[in-house]
Structure formats: C-alpha cells, structure tokens
Amino acid sequence: LIALRAASRSPSPSVFTPSAAMSLADLVTVINDLSAASQFNQLLTHLQSQEEMMIQQLPQLDEVLPALRPMEHSLGMVFILKAKAAAVPLSNLQAVHTFLQQCRRLLLEGDPVQVQMVPSHFATVCAKFANAAVAIAAPAAALRPLQHAAQVLQPSPAHFTPVHTEVLRVALLARHYPAAARLLDASDLLEVAKEKTGVAPRDLLLYHYYAGLACCGLHRFSDAVRYFTLCYTAPTHVVHAAMVEAYKKCVLASLLATGEQPAQPKYTALPIQRYIKTGVPAYSELAEAFATRSPAELRSAITKHEATFARDRNLGLARQCVGALVRRSIRSLTQAYLTLSLADIAAAAQLESPAEAEGH
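Quick caveat, the model's predicted, so the values are computed rather than measured.

Chemist: Report on the pattern of salt bridges, specifying residues and quantitative values.
Modeler: A full pass over the atoms with the stated rule returns 12 salt bridges. With its nearest N and O atoms 3.3 Å apart, the salt bridge here joins Lys 248 to Glu 245. Linking Lys 248 with Glu 245, this pair stays in helix α16 (residues 241-258), spanning 3 residues, or about one helical turn. The exposure class assigned to Lys 248 is buried, which follows from its relative accessible area of 8%. Through salt bridges with shared partners, one network takes in Asp 185, Arg 220, Asp 223 and Arg 226.

Chemist: Quick rundown of the layout of surface pockets? Include the residues and the values.
Modeler: Taken as a whole, the largest pocket encloses approximately 670 Å³ of empty space. Lining the largest pocket we find 19 residues, and of these Arg 175, Tyr 177, Leu 213, Lys 249 and Arg 313 sit closest to its centre. Those elements giving two or more residues to the lining of the largest pocket turn out to be α11 (162-173), α14 (201-217), α16 and α21 (315-336). The leading source of residues in the lining of the largest pocket is α14, at 5 residues. Here the residues of the lining of the largest pocket are counted per class, giving 8 nonpolar, 4 polar and 7 charged.

Chemist: Go over the side chain of Arg 169 with me, naming the residues and quoting the values.
Modeler: Relative to the elements of secondary structure, Arg 169 occurs in helix α11. Not counting residues within four places of it along the chain, the set of residues in contact with Arg 169 comprises Ala 127, Ala 130, Asn 131, Val 134 and Tyr 210.

Chemist: Residues and numbers for the confidence of the model for the protein chain, please.
Modeler: Low pLDDT marks stretches whose predicted atomic positions should not be read closely. Summary statistics for the protein chain give a mean pLDDT of 88 and a share of 86% for residues scoring 70 or more. The secondary-structure element of the protein chain with the lowest mean pLDDT is helix α1 (residues 2-9), recorded at 43, while helix α20 (residues 306-311) shows the highest, at 98. Counting contacts from residues 1-20, a segment whose pLDDT is below 50, to residues more than four positions away or on other chains yields 31 contacts.

The rules we used
Residues numbered from 1 in each chain as written. Predicted model: local features only at pLDDT ≥ 70, side-chain atom pairs only at ≥ 80, totals over all residues. Heavy atoms only, no water. Salt bridge = Lys/Arg side-chain N within 4 Å of Asp/Glu carboxyl O. Helix = DSSP H or I, 4+ residues; strand = E, 2+ residues; numbered from the N terminus. Buried < 20%, exposed > 50% of the residue type's maximum accessible area, 1.4 Å probe, protein only. 1 Å grid on protein atoms, 1.4 Å probe; cavity = no way out; pocket = protein on both sides within 12 Å on 5 of 7 lines; lining within 4 Å. Points joined across faces, edges and corners; volume = space filled by probe spheres on them. Nonpolar A, V, L, I, M, F, W, Y, C, P; charged D, E, K, R; others polar. Contact = heavy atoms within 4.5 Å. pLDDT = per-residue confidence, 0-100.

Structural data, given as structure tokens:
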C-alpha cells in the first residue's frame with residue numbers, strides 16, 4: 001500500500017501507451033495524473049485497455065482502492081470495482097463486507113461527470129452492491145447509497161436509470177415502503193436513454209413490477225394496477241416471467257381497487273394475450289367468483305387454488321379480496337337504502353351474521 005501511494009506521487013510518464021502491460025502501481029499513477037489534469041477521455045481509453053490486467057490481479061485490487069478518492073478518481077474506482085464485482089463470492093462474508101465498504105464510498109461520493117462516462121459499468125457495480133447487501137441480509141443498508149447513486153447517474157431528474165430498479169428492489173426486501181414511495185412520488189422518470197444511462201428493457205420491466213409491489217404494500221392498489229399494466233403490456237415477442245407475475249398481481253390489485261378485472265389494453269403483445277387466456281386459470285376463476293358478489297364462492301375459489309396463490313406469493317392479496325368484496329357489497333346496500341338493519345345487511349351481503357356485517 002505504501003508503494004502504491006508513493007507511486008501515486010511519482011512523476012507521470014509523458015506518453016501513456018494503452019496497450020502496454022502495466023503494474024497496479026503504474027495504474028494508480030495514471031489514474032491520479034490524468035484525473036488531476038481532468039483528461040478523463042484519455043483516462044477512459046487507458047482504463048479500457050487495462051481491464052484484463054485488473055481481472056488478472058484481482059487479489060491485489062483491495063490494496064489499490066484506499067489510494068483513490070471517489071470525488072477525484074471516480075472513473076478509476078468504477079473500473080476497479082467492476083472488475084471485483086464479477087469475482088466477489090457472495091458466500092464469503094469478509095469479502096462481501098469489504099466490497100460493500102469500497103462501493104459505499106463511490107456511491108455516496110462519486111463525481112457525476114466521471115460516472116456518466118461509463119453508465120453500464122457503474123450500473124453493474126450498483127447491482128453487485130445491492131446483491132451483496134441482500135446476501136448478508138442487510139438490504140436496508142444499501143438504500144441510501146443506491147438512492148444517491150441513482151441521482152449521480154442521472155443526466156437530468158427525468159432520466160430513468162438501472163439503479164432506480166435496484167433502489168426499489170432493496171426497499172421491498174427491507175420492507176421499507178416509505179423509501180419506495182419517495183422514489184415513486186418524487187418525479188416522473190420519462191426519459192429513457194440507453195447510451196446515457198446504460199438502461200436495458202429488463203430494467204424497465206422490473207422497475208414497473210417492483211413499483212407495483214411497492215404500491216400493494218402501501219395499499220395504493222390503483223397505482224399498483226397502473227405499474228403492473230406497464231410491465232405486462234411492454235412490447236415483446238416472448239413471454240417474460242416478470243410480465244406473467246405482473247399480470248397475476250394486476251388481477252388481484254384491480255379487484256381490490258375497483259371490484260373488476262383489469263381492462264386489457266389493445267396494444268398488449270400477442271404472446272401475452274394468448275398466455276392470459278389459458279395460462280392463469282386460478283386468477284381467472286377468482287375474478288369470476290368475485291364477479292358473482294358471493295363471498296362464499298370467492299372463498300371457495302381461493303381455497304381451491306390456495307397452493308397456486310401461495311406459490312406465487314399472492315395468497316395474502318387473494319384473501320384481501322374477500323374483505324374488499326364484503327365492504328363493496330355493504331357500501332352498495334347502504335347507498336341504496338337510507339335505513340337498513342345489520343341483520344338485513346348481513347342477509348343481503350351473504351354474510352354469516354350481523355356481527356360480521358358490523359365488523360366491516
């Protein structure tokens with residue numbers, strides 16, 4: 001480490017040869033000198049030529065990072081941490097903790113100018129950071145660094161980035177729904193620019209899926225329907241697992257929000273339309289039972305497909321549909337009649353007793 005720091009202060013060569021083999025001490029020197037001169041384009045070219053060398057010297061990379069400062073050397077740190085990200089074993093707790101500490105510095109203090117030069121590399125580091133936090137059962141610890149990293153990567157507040165997806169994922173795993181709500185309510189992420197943020201179609205699919213889950217956790221079921229619909233109606237030639245799960249949850253969220261099945265947009269891709277017709281019988285039967293306005297039939301449908309709902313992690317939402325149906329029936333009755341006894345309400349709503357009607 002002393003040798004590396006000494007190298008960082010040594011005079012830089014007048015010409016850098018990107019293809020030449022280098023030591024890590026030489027690499028630190030180049031990162032320091034070109035960063036100090038704000039010659040980031042030249043540094044980027046140099047770092048790209050040394051990625052293989054970094055991979056070959058993975059065990060020594062931990063000695064390099066303390067010699068670098070995030071605000072000044074973000075570009076170099078991104079490349080080094082990306083090399084590490086591909087090799088950090090999530091089963092090795094010491095290695096995971098070290099990687100988390102190294103990434104945390106960059107995510108909280110990184111320079112937006114440098115980070116935005118390598119959006120895909122930075123997004124890869126953020127994704128591994130999130131996975132590492134989840135691996136040690138500490139997703140909440142990743143929230144603030146990822147929230148800041150998303151802002152660092154954004155060319156403007158309207159730009160969507162892959163890091164926004166990671167923010168929602170760790171918020172859900174930490175059951176920190178207020179953090180998810182702050183992201184969803186802060187601004188509309190309408191700008192999608194792959195070349196500027198490294199975003200891929202999968203990032204958008206998962207973002208909308210996670211947003212729907214967050215809205216369910218917040219009991220904002222109308223918003224959940226909107227996000228799930230954005231997920232399962234995305235243009236596609238194949239059926240993605242996230243789209244299928246989004247549709248299943250959309251059915252339940254729609255019943256909770258409106259008492260009706262979700263309207264299927266005309267632009268829904270044909271593979272998804274075909275799958276919906278035959279591939280989700282449990283959800284179709286539940287929606288049909290809800291439409292009968294009979295709590296008994298709805299409970300029967302839930303019981304019949306309980307194993308399916310449990311496997312899909314939707315049993316809780318399915319059971320909430322029973323209470324939603326009863327409340328909807330009671331509200332309809334009280335709006336139609338000025339005075340109605342609890343016994344009459346229980347009978348009309350097909351409840352077991354006046355006490356059950358009073359409970360709703």
